[in-house]
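Single-letter residue listing:
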Amino acid sequence: MLTIRAERLLAACLMPVLVIGTSAAQTPAPTSPASGSPTPARHAPTRSTVAPSAANTGVIQAIKVEGAQRIEQGTIRSYLLVRPGDAFDAGRIDRSLKTLYATGLFKDVQLGRSGDTLVVRVVENPIVSRVGYEGNHKLTDDQLRPELQLRSRSVFTPALAEADRTHILTMYAKRGYYDATVEPKIVRLDQNRVDVIFQINEGSAALISKIVINGNKAFSESRLSEVITSRESRWWRFLSSSDSYDPERLSYDKELLRRFYLKNGYADVQITDASAELSPDRKAFFLSFTVNEGERYKIAKLDINVQLRNLTAADLKPNVQLVEGAWYDGDAVGRSSDAIELAVHNRGYAFVDVKPRVTRNVEKHTVDLIFDVGEGPRVYVERIDIVGNTRTEDKVIRREMRLAEGDPFSSEAMRLSKTRLTDLGYFTSADIVTNPGSVPDKAVLTTNISEKATGELSFGGGYSTDAGALIDIGLSERNLVGTGINASINGVLAQRNSSINASVTNPYFLDRNLIAGVDVFLIQTMFLGTQPYDENRVGFDTRMGYNFNEHLRQTWTYTAVDRQVYNIETGASPFILNESGTTLLSQASQVITVDYRDSRVNAHSGFILELGTDVAGLGGDTRFLRGNLNGAYYIPLERYFGDPDWVFKLSGSTGYMQLLPGGREEIIDRFFLGGDNLRGFLDGGAGPTDVLTGNPLGGRFIWTQSSELHYPLPVSPDLGLTGRAFVDVGALSEASFRSPTACLATTTITCQIRQSAAPRVGAGVGVSWQTAFGLINLDLAPFVIKQPGDQTQIFRFGFGTRF
């Protein structure tokens, strides 16, 4: 085999040759059969040997093709502009020659005359047998292959090899590797075939060495550096790409700076320059931003100009997030416009246009802000196009859209559609773009989807205060064969809580507004000191739910579980000794949810309420009615701190269990307080206990309340650290068991229960660290208010189970 460089082959092919009957300047650019795009072909190696004096005399009696090996002679003849019976026309023969070469199938083409026969001599371009890559690590073969024109069984040309080399360099540049080199090598094989090998030297990433901000007076450079997403290179950013130069990120940072100044009252701000300079050694970038701040403005006048019937400014005033006398806030103006538009939509107006009008008083440094609310243009959705979903079915995406063909266009519905698509977790990005329709009152919505892997084969390990040391193995698929069905099987082997669970959930059962699912599980809990017994559960549940509207949904569940309380420690509470054995739980449950959060995945505002009821006694050994009410309210603090990670969360819950006639109450059906629902206390460590043994006994009435402030830590966001401060309050009471006679039958010691309905309090701080190995949660609760018999836990640690 002969190996030559593509550059040499290109040079050989592009050497000037003698052209008779045509000129190199007139030769059209050939077209690549793989991509259909023109490729350079200067001084094409084609020629006509038909003498000009004889070119226009005589008639073509036959066409003879020579040199064809792979390409059918009929195919070659089909490209000619002359046929047997035509005259020997020099112009048509010349254009035939150029057409043949333009196909990209031939390295050389000659047209000649032998008597009354037109002779076509061709030299075919080789066929690519294989395209390989050597030295690539940052970009895999699978990432490179779809981006290139050369591929197996395509026609090879030096121009295509050069184009692919340039494209590979561009792909590496987008990753920050600006000193990468690519050398295509051609390996000649028999039967006019070649292997194309791209030898790649990736070099090192060109990271951001320095970020400079000029012209800033009101804010320090360090404060503005926190606003942008680009970061200077530091050793701890090895898990992040924020210190790699990206032209799109640079433009985004420019916009972030502008919005930051607008948010803080600088209505005339201009970011006059945002540039990047590559160091001479091509290993580092220097970013610079130039700011013209202008003056800071306050709001002198604030009003709403309503031009719709049966609607007044007073009706919409509560949606305005600004007040007179405050600093101008560009972000608040945008949020207020959106809130006003939504409020008007909710009052039954389909077409609304809200325009904030700002009038500056340069001398007094004030602005008058008027929101003009009128009827917007009547625009309807003509068509919804979906682009980029190679795996996910169209119907999975369309059912999340809050708009359909023929609906009145609504920006709020489009925003909600985007949020719902993002919350699915199937896509790295989901953008909806509005394009003009076939007529002015029509719009075409294009949904651009970028899919991500939704399957997960996980092997995990770690430690948590709930389960102790653990090993986790799981297989899950959130978007089974693109249908949106969630299927998983997961096993956990832990010191305290081992389990295996298989689950399948269809969020649109029978393509209707029905959520259907089934779970099969085996859970073995070894309390290792927190309780004097072990517990085993084997069972299944089936679920069916539906959405009444965007904010109201309900789920029904039937559960059948075989429970066993065993391995009770010697000297345990007689109340617990009486619980030993196996029971069957047959339970029907329902949960109705009111959800007005801005996101189900990462909420920053809004609220959620859940009302649940459990009825046990449809067969089985236990009979009870249990109800619980949970709620959470999220208050965004971005307008005060300038960061969306500042959120104040108020949450609470309460539950009560009532025995039904003939019912039997089991300890494993009761509520327990402590741990996740009351930090600062052990799991089950707060509430009723046995006076003599101190064993937690649970209770039938529980309530908890938590106030939690989430905030970003003063470290690089690339570290994935967030902080929280919390105060948890709760109480557990009404511990009752079987009759004292049954209790006394197991021991000669009098049974006594210590219980108090007084609130317990736990307060402290916590940190969450999102790492490549999983989520790590640390909580420190040194401030507690407890009652006699309670067991506290100052430090609580949990390690994510995925890596």
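Residues numbered from 1 in each chain as written. Predicted model: local features only at pLDDT ≥ 70, side-chain atom pairs only at ≥ 80, totals over all residues. Heavy atoms only, no water.

Trainee: Help me understand the sheet that holds strand β11 (residues 284–292), please; the structure alone is not making it clear to me.
Mentor: Strand pairing in a sheet relies on backbone hydrogen bonds. The paired strands run either parallel or antiparallel. Spatially, the three strands line up as an open sheet ordered β9-β11-β10, and their pairing is mixed. Looking at the sheet topology across the chains shown, the edges are occupied by β9 (207–214) and β10 (270–278). On average, each strand axis in the sheet is inclined to that of its neighbour by 15°, with strand direction left out of account. Where β10 and β11 come together, eight bridges link them in antiparallel fashion. Across the sheet, the residue bridging to Glu277 is Phe286, located in β11. Each of β10 and β11 is contacted by helix α7 (residues 247–263), which is oriented at about 150° to β10, the strand it contacts most. (Pairing = 2+ DSSP bridges. Helix = DSSP H or I, 4+ residues; strand = E, 2+ residues; numbered from the N terminus. Axes fitted to C-alpha atoms, helices over the stretch in contact; angles between N-to-C directions. Contact = heavy atoms within 4.5 Å.)

Trainee: Is there a simple way to explain α7 in this structure?
Mentor: Structural remark: α-helix, 3.6 residues per turn; residues separated by three or four positions point the same way. End to end, α7 covers 25 Å across 17 residues, agreeing with the expected 24 Å (1.5 Å per residue, within 8%). On its buried face, α7 is in contact with α6 (221–227), β10, β11, α9 (330–346) and α13 (638–641). Of the residues one or two after α7, Gly265 is the one with positive phi, at around 100°. (Expected span 1.5 Å × (residues − 1).)

Trainee: Would you mind showing me how to read a nonpolar patch on the surface here?
Mentor: Taken together, the side chains of Leu457, Leu475, Ile489, Ile500, Leu522 and Val538 present a nonpolar region at the surface, about 520 Å² in accessible area. When you line up the elements, Leu522 lands in strand β22 (residues 515–526). (Patch = residues over 30% accessible without salt bridge, like charges linked within 9 Å, V, L, I, M, F, W, Y side chains within 5 Å. Areas by Shrake-Rupley, 256 points an atom, 1.4 Å probe, with all protein chains shown as cover. Salt bridge = Lys/Arg side-chain N within 4 Å of Asp/Glu carboxyl O.)

Trainee: Could you clarify how one ought to interpret the pattern of salt bridges in this entry?
Mentor: Oppositely charged side chains may form a pair once their charged atoms are brought near each other. For the structure shown, the criterion picks out 45 salt bridges. A salt bridge links Lys395 to Glu393; the nearest nitrogen and oxygen atoms lie 3.8 Å apart. With a relative accessible area of 30%, Glu393 lands in the partly exposed category. Between Asp519 and Arg543 there is a salt bridge, and its shortest N-O distance comes to 2.8 Å. Here Arg543 lies in strand β23 (residues 534–547) and Asp519 lies in strand β22, a separation of 24 residues in the sequence. If you follow the salt bridges from partner to partner, you end up with Glu400, Arg402, Arg420 and Glu550 in one network. (Buried < 20%, exposed > 50% of the residue type's maximum accessible area, 1.4 Å probe, protein only.)

Trainee: How should I be thinking about the confidence of the model for the protein in this particular structure?
Mentor: Interpretation of the predicted coordinates at a detailed level should be avoided for regions scoring low in pLDDT. Residues of the protein with pLDDT of at least 70 account for 87%, and the chain-wide mean is 84. Contacts from residues 1–45, a stretch scored under 50 in pLDDT, to residues over four places away or in other chains number 82 contacts. (pLDDT = per-residue confidence, 0-100.)

Trainee: Would you mind showing me how to read the nonpolar core here?
Mentor: Where a protein is soluble and globular, its nonpolar side chains tend to be buried together. Leu224, Tyr245, Tyr261, Val269, Leu287 and Phe289 are the most contacted members of the largest nonpolar core, which has 24 residues in total. Elements with a contribution of two residues or more to this core: β9, α6, α7 and β11. Per-element tally for this core: the top contributor is α7, with six residues. If you look at the next biggest cluster of nonpolar residues, it comprises 23 residues, including Ala267, Ile304, Val344 and Leu369. (Core = buried A, V, L, I, M, F, W, Y, C linked by side-chain atoms within 4.5 Å.)

Trainee: So what exactly am I meant to see when it comes to the packing of aromatic side chains here?
Mentor: Geometrically, a pair of aromatic rings is defined through the distance of the ring centres and the angle of the planes. Under the criterion given, the structure shown has 18 aromatic pairs. On the numbers, 6.0 Å between centres and 85° between planes, the contact of Phe260 with Tyr261 is edge-to-face. Geometrically, the ring pair formed by Tyr546 and Phe548 is edge-to-face, given 5.2 Å between the ring centres and 85° between the ring planes. Connected via pairs of aromatic rings, a cluster forms that spans Phe219, Phe260, Tyr261 and Tyr266. Positioned above the aromatic ring of Phe88, the side-chain terminus of Arg113 is 3.7 Å from the ring centre. The lysine or arginine in question, Arg679, covers the ring of Phe726, its NZ or CZ lying 3.9 Å from the ring centre. (Phe/Tyr/Trp six-rings, centres within 6.5 Å; stacked < 30°, edge-to-face > 60°. Lys NZ or Arg CZ within 6 Å of the ring centre and 35° of its normal.)

Trainee: Teacher, can you tell me more about helix α11 (residues 411–424) here?
Mentor: If you check α11, its first and last C-alpha atoms are 20 Å apart, about what 14 residues at 1.5 Å a residue would give, namely 20 Å. Taken as a whole, α11 has its buried residues at Glu412, Ala413, Met414, Ser417, Thr419, Arg420 and Leu421. A distance of 3.4 Å separates the backbone nitrogen of Glu412 from a side-chain oxygen at the start of α11, and that oxygen is part of Ser410. Once α11 finishes, Gly425 follows within two positions and takes phi at roughly 80°, a positive value. (Polar contact = N/O pair within 3.5 Å; in protein donor to acceptor, adjacent residues only side chain to side chain.)

Trainee: I tried to follow the environment of Leu224 on my own but got confused; where do I start?
Mentor: Mapped onto the secondary structure, Leu224 falls in helix α6. We classify Leu224 as buried; its relative accessible area is 0%. Residues Leu224 and Tyr261 lie 37 residues apart in sequence; the distance between their C-alpha atoms is 9.7 Å. The contacts of Leu224, once residues within four sequence positions are left out, are Ile213, Asn216, Phe219, Leu257, Phe260 and Tyr261.

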